[in-house]
Amino acid sequence: MSEMLSEGGLEQLAVRDPAGFVHERRRLLSDFMRSTNGSMELLADMQRTIDQTIALSGAPMHTLDRLAGLIEERLQLIARLSRELAAEINNQEKKE
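As the structure is a computational prediction, the values presented were derived from the model and not from experiment.

J.: A description of the overall build of the chain should follow, citing residues and the corresponding values.
T.: Regarding its fold elements, the chain presents four helices and zero strands. In the chain, the succession of α and β elements from N to C terminus is α-α-α-α. Since a compact globule built from 96 residues should have a radius of gyration of about 12 Å, the 19 Å found for the chain marks it as more spread out than a globular shape. Dimensions of the chain along its principal axes, counting C-alpha atoms only, are 60 × 30 × 20 Å. For the chain, buried positions account for 14% of its 96 residues. Approximately 7,700 Å² of the chain is accessible, and the part contributed by carbon and sulfur atoms is 59%. Averaging the positions of the 12 positive and the 16 negative side-chain charges in the chain gives two centres separated by 4 Å.

J.: Give a detailed account of the pattern of salt bridges, specifying residues and quantitative values.
T.: Under the criterion given, the structure shown has five salt bridges. Between E84 and R80 there is a salt bridge, with its nearest N and O atoms 2.7 Å apart. Taken as a pair, E84 and R80 lie in helix α4 (residues 60-95) at a separation of four residues, close to a single helical turn. Judged by its relative accessible area of 37%, R80 falls in the partly exposed class.

J.: How would you summarise the packing of helix α1 (residues 9-16) against helix α2 (residues 18-35) if you had to cite specific residues and measurements?
T.: Direction vectors running N to C along α1 and α2 enclose 145°, while the axes themselves pass 6 Å from each other. Crossing of α1 against α2: the hand is left-handed. Touching L10, L13, A14, V15 and R16 of α1 are P18, G20, F21, E24 and L28, all from α2. Of the residues assigned to the contact of α1 with α2, the class counts are seven nonpolar, one polar and two charged.

About the criteria used
Residue positions within a chain follow its written sequence, with the count starting from 1. Residues qualify for local features only when their pLDDT is at least 70, as the model is predicted, and side-chain atom pairs are given and counted only at 80 or more; totals for whole chains, interfaces and linings, by contrast, use all residues. Hydrogen atoms and water are omitted, and side-chain values are computed over all heavy atoms in the structure. Going along the chain from the N terminus, every DSSP run of H or I of four or more residues is numbered as a helix, and every run of E of two or more is numbered as a strand. In this setup the radius of gyration rests on C-alpha atoms only. A globule is expected at 2.2 Å times the number of residues raised to 0.38. Burial classes: relative accessible area under 20% of the type maximum marks a residue as buried, over 50% as exposed, and values in between as partly exposed (1.4 Å probe, protein chains only). Note on areas: Shrake-Rupley, 1.4 Å probe, and residue coverage restricted to the protein chains presented here. When charges are counted, Lys and Arg contribute as positive and Asp and Glu as negative, whereas His and the chain ends are disregarded. Where a charge lies is defined by one atom per residue type, namely NZ (Lys), CZ (Arg), CG (Asp) and CD (Glu). The salt bridge criterion pairs a side-chain nitrogen of Lys or Arg with a carboxyl oxygen of Asp or Glu, the two atoms within 4 Å. Angles here are taken between N-to-C directions and fall from 0 to 180 degrees, while the axes themselves are lines fitted to C-alpha atoms, restricted in helices to the stretch in contact. Crossings are assigned a handedness: left-handed for a near helix turned anticlockwise from the far helix by less than a right angle, right-handed for a clockwise turn. We call two residues in contact whenever any of their non-hydrogen atoms come within 4.5 Å of each other. Classification used: nonpolar for Ala, Val, Leu, Ile, Met, Phe, Trp, Tyr, Cys and Pro, charged for Asp, Glu, Lys and Arg, polar for all others including Gly.

Next comes the structure, spelled out in structure tokens:
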């Protein structure tokens, strides 16, 4: 299905063949996750969460709203952890 990688190919597949789209999307995500170093388990967990959100959301707009909420939650977590790490580094530098 390499032709699906063309610009707009996945969108066209989603309209024409929803089951084929799901299959191709999973294949592309698996390929991407295998190409990352050490992040496959984390990425697979995030993808399961996204897939569950899509399955439970119903209407496309609800899906977008819920996915945006998930992204916002992750970004807030990253920001909090970044602040904690910066504070820890600052404390270590003060001790030295």
